[in-house]
Amino acid sequence: MTKISRREFMQKTAICSGAAGLLVASAARVAANPLGLPIGCQVWPMRAMLKDFSAFVKMLAEIGVTRLELCSPIGYGAEFASLANGKEVARILADNGMKSESSHFTMGELRKTQEKSIEWAKEIGITQMITATLADGNGGNTPTLDQVKKAADEYNKIAEAAAKAGMQQGLHNEGFEVSMTDGKRTYDRLLELLDPKLVKFQFQMSTITAGLVGADYFMKYPGRFYSLHLQDVDMKGQAADAGGRGGRFPQVAVGKGSIDWVKTFTAAKVGGIKNYFVEQTWELTQQSVAYLKTLQV
(Lines give C-alpha, C1' and ligand atoms only; values in the text may rest on other atoms or scores of the structure.)
Protein backbone atom coordinates (compact mmCIF):
# COMPACT_ATOMS: atom_id res chain seq x y z
CA MET A 1 0.00 0.00 0.00
CA THR A 2 1.40 3.40 -0.95
CA LYS A 3 1.79 5.75 1.98
CA ILE A 4 0.73 9.39 1.66
CA SER A 5 1.55 12.29 3.92
CA ARG A 6 -1.03 13.92 6.16
CA ARG A 7 -0.87 17.01 3.98
CA GLU A 8 -1.63 15.00 0.83
CA PHE A 9 -4.51 13.25 2.62
CA MET A 10 -6.05 16.57 3.68
CA GLN A 11 -5.75 17.99 0.17
CA LYS A 12 -7.48 14.96 -1.40
CA THR A 13 -10.18 15.03 1.25
CA ALA A 14 -10.85 18.69 0.56
CA ILE A 15 -11.15 18.02 -3.18
CA CYS A 16 -13.59 15.14 -2.60
CA SER A 17 -15.64 17.19 -0.15
CA GLY A 18 -15.77 20.07 -2.61
CA ALA A 19 -16.92 17.79 -5.40
CA ALA A 20 -19.57 16.27 -3.17
CA GLY A 21 -20.75 19.74 -2.22
CA LEU A 22 -21.07 20.73 -5.86
CA LEU A 23 -23.08 17.59 -6.57
CA VAL A 24 -25.43 18.33 -3.67
CA ALA A 25 -25.82 21.93 -4.77
CA SER A 26 -26.44 20.85 -8.34
CA ALA A 27 -29.09 18.36 -7.20
CA ALA A 28 -30.73 21.06 -5.09
CA ARG A 29 -30.93 23.34 -8.13
CA VAL A 30 -32.53 20.63 -10.22
CA ALA A 31 -35.12 19.84 -7.55
CA ALA A 32 -35.59 23.39 -6.33
CA ASN A 33 -39.19 24.60 -6.11
CA PRO A 34 -40.01 28.21 -5.22
CA LEU A 35 -40.58 28.67 -1.47
CA GLY A 36 -39.71 24.99 -1.03
CA LEU A 37 -43.34 24.14 -1.79
CA PRO A 38 -44.64 21.37 -4.08
CA ILE A 39 -45.49 22.35 -7.65
CA GLY A 40 -49.23 22.25 -8.28
CA CYS A 41 -51.63 22.64 -11.19
CA GLN A 42 -55.22 23.84 -11.47
CA VAL A 43 -57.30 21.51 -13.63
CA TRP A 44 -59.60 24.12 -15.25
CA PRO A 45 -57.59 24.83 -18.44
CA MET A 46 -57.14 21.07 -19.01
CA ARG A 47 -60.69 20.05 -18.10
CA ALA A 48 -61.24 18.33 -21.46
CA MET A 49 -58.61 15.80 -20.38
CA LEU A 50 -60.39 14.87 -17.14
CA LYS A 51 -62.57 12.13 -18.63
CA ASP A 52 -59.79 9.66 -17.88
CA PHE A 53 -58.80 11.12 -14.53
CA SER A 54 -56.31 8.37 -13.72
CA ALA A 55 -54.40 8.91 -16.98
CA PHE A 56 -54.53 12.68 -16.46
CA VAL A 57 -53.03 12.46 -12.97
CA LYS A 58 -50.31 10.07 -14.13
CA MET A 59 -49.37 12.43 -16.96
CA LEU A 60 -48.96 15.36 -14.58
CA ALA A 61 -47.06 13.29 -12.04
CA GLU A 62 -44.56 12.34 -14.74
CA ILE A 63 -43.54 15.98 -15.27
CA GLY A 64 -43.11 16.64 -11.54
CA VAL A 65 -46.50 17.94 -10.40
CA THR A 66 -47.43 16.71 -6.90
CA ARG A 67 -50.48 18.86 -6.10
CA LEU A 68 -53.73 19.29 -7.99
CA GLU A 69 -56.26 22.04 -7.43
CA LEU A 70 -59.68 20.79 -8.45
CA CYS A 71 -63.05 22.27 -9.39
CA SER A 72 -66.08 20.94 -7.57
CA PRO A 73 -68.29 18.76 -9.81
CA ILE A 74 -71.27 19.88 -7.73
CA GLY A 75 -70.99 23.43 -8.99
CA TYR A 76 -68.92 23.13 -12.14
CA GLY A 77 -70.97 20.38 -13.73
CA ALA A 78 -70.51 17.70 -16.38
CA GLU A 79 -66.95 18.51 -17.42
CA PHE A 80 -65.86 17.57 -13.90
CA ALA A 81 -68.05 14.49 -13.48
CA SER A 82 -64.98 12.25 -13.12
CA LEU A 83 -64.28 14.00 -9.80
CA ALA A 84 -67.68 13.22 -8.25
CA ASN A 85 -66.50 10.24 -6.20
CA GLY A 86 -64.25 11.95 -3.67
CA LYS A 87 -62.84 8.76 -2.20
CA GLU A 88 -61.91 7.45 -5.66
CA VAL A 89 -60.28 10.78 -6.51
CA ALA A 90 -58.23 10.57 -3.32
CA ARG A 91 -57.15 7.02 -4.15
CA ILE A 92 -56.03 7.92 -7.67
CA LEU A 93 -54.08 10.89 -6.38
CA ALA A 94 -52.38 8.81 -3.70
CA ASP A 95 -51.48 6.07 -6.19
CA ASN A 96 -49.55 8.69 -8.15
CA GLY A 97 -47.88 10.41 -5.20
CA MET A 98 -50.23 13.39 -5.37
CA LYS A 99 -52.52 15.31 -3.06
CA SER A 100 -55.27 17.88 -3.45
CA GLU A 101 -55.58 20.42 -0.68
CA SER A 102 -57.45 23.08 -2.65
CA SER A 103 -60.49 23.34 -4.91
CA HIS A 104 -62.74 25.93 -6.51
CA PHE A 105 -66.46 26.08 -5.74
CA THR A 106 -69.13 28.24 -7.38
CA MET A 107 -71.02 30.82 -5.39
CA GLY A 108 -74.25 29.08 -6.36
CA GLU A 109 -73.29 25.82 -4.69
CA LEU A 110 -71.85 27.55 -1.63
CA ARG A 111 -75.23 29.24 -1.18
CA LYS A 112 -77.31 26.13 -1.78
CA THR A 113 -75.25 23.02 -1.04
CA GLN A 114 -72.33 24.14 1.12
CA GLU A 115 -72.65 21.18 3.49
CA LYS A 116 -72.58 18.70 0.58
CA SER A 117 -69.61 20.49 -0.97
CA ILE A 118 -67.72 20.33 2.31
CA GLU A 119 -68.43 16.61 2.59
CA TRP A 120 -66.98 16.04 -0.91
CA ALA A 121 -63.93 18.15 -0.07
CA LYS A 122 -63.22 16.20 3.10
CA GLU A 123 -63.31 12.89 1.24
CA ILE A 124 -60.39 14.10 -0.87
CA GLY A 125 -58.44 15.89 1.85
CA ILE A 126 -59.21 19.41 0.63
CA THR A 127 -58.94 22.15 3.27
CA GLN A 128 -58.98 25.26 1.06
CA MET A 129 -62.36 26.15 -0.45
CA ILE A 130 -62.05 28.95 -2.99
CA THR A 131 -64.54 30.78 -5.15
CA ALA A 132 -63.34 32.43 -8.35
CA THR A 133 -65.39 35.61 -7.97
CA LEU A 134 -68.19 37.22 -5.98
CA ALA A 135 -69.79 38.50 -9.18
CA ASP A 136 -72.72 36.06 -9.13
CA GLY A 137 -75.80 38.09 -8.21
CA ASN A 138 -73.69 41.02 -7.03
CA GLY A 139 -73.60 43.35 -10.01
CA GLY A 140 -71.43 41.27 -12.30
CA ASN A 141 -68.16 42.91 -13.26
CA THR A 142 -69.42 46.46 -12.64
CA PRO A 143 -70.69 46.44 -9.04
CA THR A 144 -71.77 49.42 -6.97
CA LEU A 145 -70.24 50.04 -3.56
CA ASP A 146 -73.40 48.76 -1.89
CA GLN A 147 -73.20 45.54 -3.92
CA VAL A 148 -69.57 45.07 -2.89
CA LYS A 149 -70.48 45.48 0.77
CA LYS A 150 -73.39 43.06 0.40
CA ALA A 151 -71.15 40.50 -1.32
CA ALA A 152 -68.52 40.78 1.41
CA ASP A 153 -71.11 40.34 4.15
CA GLU A 154 -72.51 37.21 2.46
CA TYR A 155 -69.05 35.72 1.93
CA ASN A 156 -68.03 36.31 5.54
CA LYS A 157 -71.05 34.24 6.60
CA ILE A 158 -70.18 31.46 4.12
CA ALA A 159 -66.60 31.49 5.39
CA GLU A 160 -67.75 31.32 9.01
CA ALA A 161 -69.74 28.16 8.28
CA ALA A 162 -66.73 26.70 6.44
CA ALA A 163 -64.44 27.46 9.37
CA LYS A 164 -66.74 25.58 11.75
CA ALA A 165 -66.29 22.54 9.47
CA GLY A 166 -62.50 22.90 9.54
CA MET A 167 -62.20 24.59 6.15
CA GLN A 168 -60.42 27.80 5.15
CA GLN A 169 -62.47 29.81 2.70
CA GLY A 170 -60.62 31.73 -0.02
CA LEU A 171 -61.29 34.27 -2.76
CA HIS A 172 -59.76 34.45 -6.23
CA ASN A 173 -59.72 37.67 -8.28
CA GLU A 174 -61.61 37.87 -11.55
CA GLY A 175 -63.66 40.62 -13.24
CA PHE A 176 -65.74 41.67 -10.20
CA GLU A 177 -62.68 41.94 -7.99
CA VAL A 178 -60.56 43.96 -10.42
CA SER A 179 -63.33 46.50 -11.08
CA MET A 180 -63.42 50.01 -9.61
CA THR A 181 -66.08 51.23 -7.18
CA ASP A 182 -66.24 54.93 -6.32
CA GLY A 183 -62.65 55.46 -7.40
CA LYS A 184 -61.15 52.52 -5.53
CA ARG A 185 -60.25 49.01 -6.63
CA THR A 186 -62.94 46.54 -5.55
CA TYR A 187 -60.22 44.03 -4.62
CA ASP A 188 -58.77 46.47 -2.09
CA ARG A 189 -62.21 47.09 -0.66
CA LEU A 190 -62.72 43.34 -0.23
CA LEU A 191 -59.38 43.02 1.55
CA GLU A 192 -60.76 45.55 4.04
CA LEU A 193 -64.31 44.15 4.28
CA LEU A 194 -63.62 40.42 4.47
CA ASP A 195 -62.64 38.94 7.84
CA PRO A 196 -58.88 38.17 7.70
CA LYS A 197 -59.35 35.08 9.87
CA LEU A 198 -62.21 33.67 7.82
CA VAL A 199 -61.16 34.56 4.26
CA LYS A 200 -57.74 34.22 2.66
CA PHE A 201 -56.94 35.23 -0.90
CA GLN A 202 -55.69 33.38 -3.95
CA PHE A 203 -53.91 35.73 -6.33
CA GLN A 204 -54.40 35.34 -10.09
CA MET A 205 -51.07 36.43 -11.56
CA SER A 206 -52.49 37.26 -15.00
CA THR A 207 -54.41 40.19 -13.49
CA ILE A 208 -51.19 42.17 -13.90
CA THR A 209 -52.83 43.12 -17.22
CA ALA A 210 -55.44 45.04 -15.22
CA GLY A 211 -52.82 46.68 -12.99
CA LEU A 212 -52.79 44.19 -10.10
CA VAL A 213 -49.20 43.21 -9.33
CA GLY A 214 -48.92 40.20 -7.04
CA ALA A 215 -45.71 41.25 -5.29
CA ASP A 216 -47.17 44.66 -4.43
CA TYR A 217 -50.29 43.13 -2.89
CA PHE A 218 -48.31 40.60 -0.85
CA MET A 219 -46.23 43.38 0.68
CA LYS A 220 -49.20 45.68 1.26
CA TYR A 221 -51.38 42.99 2.88
CA PRO A 222 -49.05 40.61 4.75
CA GLY A 223 -50.57 37.31 5.80
CA ARG A 224 -53.80 37.78 3.83
CA PHE A 225 -52.93 35.36 1.02
CA TYR A 226 -52.49 31.60 0.94
CA SER A 227 -52.39 30.64 -2.70
CA LEU A 228 -51.32 31.63 -6.22
CA HIS A 229 -52.51 30.89 -9.72
CA LEU A 230 -49.48 31.02 -11.99
CA GLN A 231 -49.62 32.37 -15.52
CA ASP A 232 -47.28 34.67 -17.41
CA VAL A 233 -48.16 37.22 -20.07
CA ASP A 234 -46.25 39.09 -22.72
CA MET A 235 -47.33 42.70 -22.14
CA LYS A 236 -45.44 44.31 -25.01
CA GLY A 237 -47.47 46.69 -27.11
CA GLN A 238 -51.05 45.64 -26.42
CA ALA A 239 -53.97 47.11 -24.48
CA ALA A 240 -55.17 45.64 -21.19
CA ASP A 241 -58.46 43.82 -20.72
CA ALA A 242 -60.67 45.32 -18.00
CA GLY A 243 -61.66 41.80 -17.00
CA GLY A 244 -58.13 41.12 -15.80
CA ARG A 245 -57.86 37.63 -17.30
CA GLY A 246 -54.99 38.14 -19.68
CA GLY A 247 -56.98 40.18 -22.17
CA ARG A 248 -55.37 40.61 -25.56
CA PHE A 249 -51.96 40.04 -24.07
CA PRO A 250 -50.76 36.61 -25.20
CA GLN A 251 -50.31 34.15 -22.36
CA VAL A 252 -46.91 32.47 -22.28
CA ALA A 253 -45.16 29.91 -20.08
CA VAL A 254 -44.10 31.03 -16.62
CA GLY A 255 -40.69 32.67 -16.90
CA LYS A 256 -41.14 33.74 -20.52
CA GLY A 257 -43.30 36.81 -20.01
CA SER A 258 -43.36 40.13 -18.20
CA ILE A 259 -43.75 38.99 -14.58
CA ASP A 260 -40.76 39.18 -12.23
CA TRP A 261 -40.94 35.77 -10.57
CA VAL A 262 -38.07 36.20 -8.13
CA LYS A 263 -39.73 39.38 -6.84
CA THR A 264 -43.10 37.62 -6.77
CA PHE A 265 -41.99 34.61 -4.73
CA THR A 266 -39.84 36.72 -2.41
CA ALA A 267 -42.87 38.88 -1.59
CA ALA A 268 -45.07 35.78 -1.38
CA LYS A 269 -43.29 34.84 1.85
CA VAL A 270 -44.64 38.05 3.38
CA GLY A 271 -48.07 37.57 1.82
CA GLY A 272 -48.43 34.17 3.50
CA ILE A 273 -48.50 31.94 0.40
CA LYS A 274 -48.79 28.24 1.26
CA ASN A 275 -49.27 26.76 -2.21
CA TYR A 276 -49.31 27.66 -5.88
CA PHE A 277 -50.88 26.18 -8.99
CA VAL A 278 -49.96 26.58 -12.65
CA GLU A 279 -53.20 27.42 -14.46
CA GLN A 280 -52.38 26.99 -18.14
CA THR A 281 -52.86 24.72 -21.13
CA TRP A 282 -51.04 21.38 -21.17
CA GLU A 283 -48.36 22.70 -23.52
CA LEU A 284 -47.66 25.77 -21.39
CA THR A 285 -47.94 23.76 -18.17
CA GLN A 286 -45.06 21.51 -19.23
CA GLN A 287 -42.84 24.52 -19.89
CA SER A 288 -43.92 26.33 -16.73
CA VAL A 289 -43.27 23.33 -14.46
CA ALA A 290 -39.80 22.91 -15.99
CA TYR A 291 -39.05 26.56 -15.23
CA LEU A 292 -40.33 26.36 -11.65
CA LYS A 293 -37.96 23.47 -10.96
CA THR A 294 -35.01 25.75 -11.71
CA LEU A 295 -36.23 28.99 -10.12
CA GLN A 296 -34.07 30.08 -7.20
CA VAL A 297 -35.64 32.47 -4.67
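Criteria and cut-off values
Residues numbered from 1 in each chain as written. Predicted model: local features only at pLDDT ≥ 70, side-chain atom pairs only at ≥ 80, totals over all residues. Heavy atoms only, no water. Helix = DSSP H or I, 4+ residues; strand = E, 2+ residues; numbered from the N terminus. Contact = heavy atoms within 4.5 Å. Phe/Tyr/Trp six-rings, centres within 6.5 Å; stacked < 30°, edge-to-face > 60°. Buried < 20%, exposed > 50% of the residue type's maximum accessible area, 1.4 Å probe, protein only. Polar contact = N/O pair within 3.5 Å; in protein donor to acceptor, adjacent residues only side chain to side chain. Pairing = 2+ DSSP bridges. Right-handed = clockwise from strand over helix to strand, strands pointing away. Arc of directions from axis to C-beta. Axes fitted to C-alpha atoms, helices over the stretch in contact; angles between N-to-C directions. Parallel < 35°, antiparallel > 145°, perpendicular 65-115°, else oblique. Left-handed = near helix turned anticlockwise from the far one by under 90°. Nonpolar A, V, L, I, M, F, W, Y, C, P; charged D, E, K, R; others polar. Salt bridge = Lys/Arg side-chain N within 4 Å of Asp/Glu carboxyl O.

Participant: Explain the overall build of the protein chain to me, please; I cannot follow it from the model alone.
Facilitator: When you go through the protein chain residue by residue, the secondary structure sums to 12 helices and 12 strands. Considering only intrachain contacts with a sequence separation of at least 6, the fraction spanning at least 24 residues in the protein chain is 79%.

Participant: Please explain the packing of aromatic side chains as it appears in this structure.
Facilitator: Each pair of aromatic rings is reported with the distance of its centres and the angle of its planes. Within the structure shown, the criterion is met by 16 aromatic pairs. On the basis of an interplanar angle of 90 degrees and a centroid distance of 5.6 Å, the ring pair of tyrosine 187 and phenylalanine 201 is categorised as edge-to-face. Here phenylalanine 201 lies in strand β8 (residues 199-204) and tyrosine 187 lies in helix α9 (residues 186-193), a separation of 14 residues in the sequence. A single burial state applies to tyrosine 187 and to phenylalanine 201, both of which are buried.

Participant: Teacher, can you tell me more about the side chain of glutamine 169 here?
Facilitator: Note on placement: glutamine 169 falls in strand β5 (residues 168-171). A polar side-chain atom of glutamine 169 sits 3.0 Å from the main-chain carbonyl oxygen of methionine 129. A polar contact is formed between the side chain of glutamine 169 and the side chain of tyrosine 155, at a distance of 3.1 Å. Residues within four places of glutamine 169 in sequence aside, it is in contact with Leu110, Gln114, Met129, Ile130, Tyr155, Ile158, Ala159, Ala162, Leu198, Val199, Lys200 and Tyr226.

Participant: I'm lost on the pairing of β5 in this one. Help?
Facilitator: The side chains of a regular strand alternate, first on one face of the sheet and then on the other. Where strand β4 (residues 128-131) lies against β5, 4 bridges are found, and the strand directions are parallel. Residue pairing across strands places threonine 131 opposite leucine 171, the latter belonging to β5. Remark: the β4/helix α7 (residues 145-164)/β5 crossover connection has right-handed handedness. Note that β5 and β8 share 3 bridges and pair parallel. Bridged to glutamine 169 within β8 is valine 199.

Participant: In this structure, what is going on with helix α4 (residues 86-95)? I would like to understand it.
Facilitator: Side chains that are three or four residues apart share a direction in an α-helix, a result of its 3.6 residues per turn. Of all the positions in α4, only Gly86, Val89, Ile92 and Leu93 are classed as buried. All buried residues of α4 lie within an arc of 125 degrees about the axis, which places them on one face of the element. For α4, exposure combined with an orientation more than 90 degrees from the buried face picks out Lys87, Ala94 and Asp95. Against the buried residues of α4 lie α2 (53-62), β2 (67-71), β3 (99-104) and α6 (114-124).

Participant: Would you mind going over the sheet that holds strand β12 (residues 275-278) with me for this structure?
Facilitator: Across a sheet, strands are paired by hydrogen bonds formed along the backbone, either parallel or antiparallel in direction. The strand order around the closed barrel built from 8 strands is β1-β2-β3-β4-β5-β8-β9-β12, with neighbouring strands paired in parallel fashion. Mean inter-strand twist for the sheet, computed between neighbouring axes without regard to direction, equals 30 degrees.

Participant: Where do I start with the environment of isoleucine 39 in this structure?
Facilitator: Mapped onto the elements of the fold, isoleucine 39 is located in strand β1 (residues 39-42). For the pair isoleucine 39 and asparagine 275, spaced 236 residues apart in the sequence, the C-alpha separation amounts to 8.0 Å. Contacts of isoleucine 39, omitting those with residues within four sequence positions, involve Asn33, Gly64, Val65, Thr66, Arg67, Tyr276, Val289, Leu292 and Lys293.

Participant: Looking at this structure, how should I read the packing of α4 against α6?
Facilitator: Helices that pack against each other are described as a pair by the angle of their axes relative to one another and the distance between those axes. For the pair α4 and α6, the least separation of the axes is 7 Å and the interaxial angle reads 25 degrees. The angle between the axes of α4 and α6 places the two elements in the roughly parallel class. Handedness of the α4/α6 crossing: right-handed. Side by side, α4 and α6 meet where Gly86, Lys87, Val89, Ala90 and Leu93 of the first sit next to Trp120, Glu123 and Ile124 of the second. Its residues assigned to classes, the contact of α4 with α6 shows 5 nonpolar, 1 polar and 2 charged.

Participant: Even after reading the chapter, I still don't get the pattern of salt bridges, so can you show me in this structure?
Facilitator: With the rule as written, the count across this model stands at 9 salt bridges. Residue arginine 47 is joined to glutamate 79 by a salt bridge in which the shortest nitrogen-to-oxygen separation is 3.4 Å. With arginine 47 in the loop between β1 and α2 and glutamate 79 in the loop between α3 (73-76) and α4, this pair connects stretches of sequence that are 32 residues apart. Owing to a relative accessible area of 25%, arginine 47 belongs among the partly exposed residues under this scheme. Of the charged contacts, one joins aspartate 153 and lysine 157 as a salt bridge, the two residues approaching to 3.4 Å between their closest N and O atoms.

Participant: What exactly am I supposed to notice about the pairing of β3 here?
Facilitator: Bridge analysis of β2 against β3 gives 4 bridges, and the strand direction is parallel. Bridging across to β3, cysteine 71 finds its partner in histidine 104. With 3 bridges joining them, β3 and β4 adopt parallel strand pairing. Residue pairing in the sheet places histidine 104 in a bridge with isoleucine 130 of β4.

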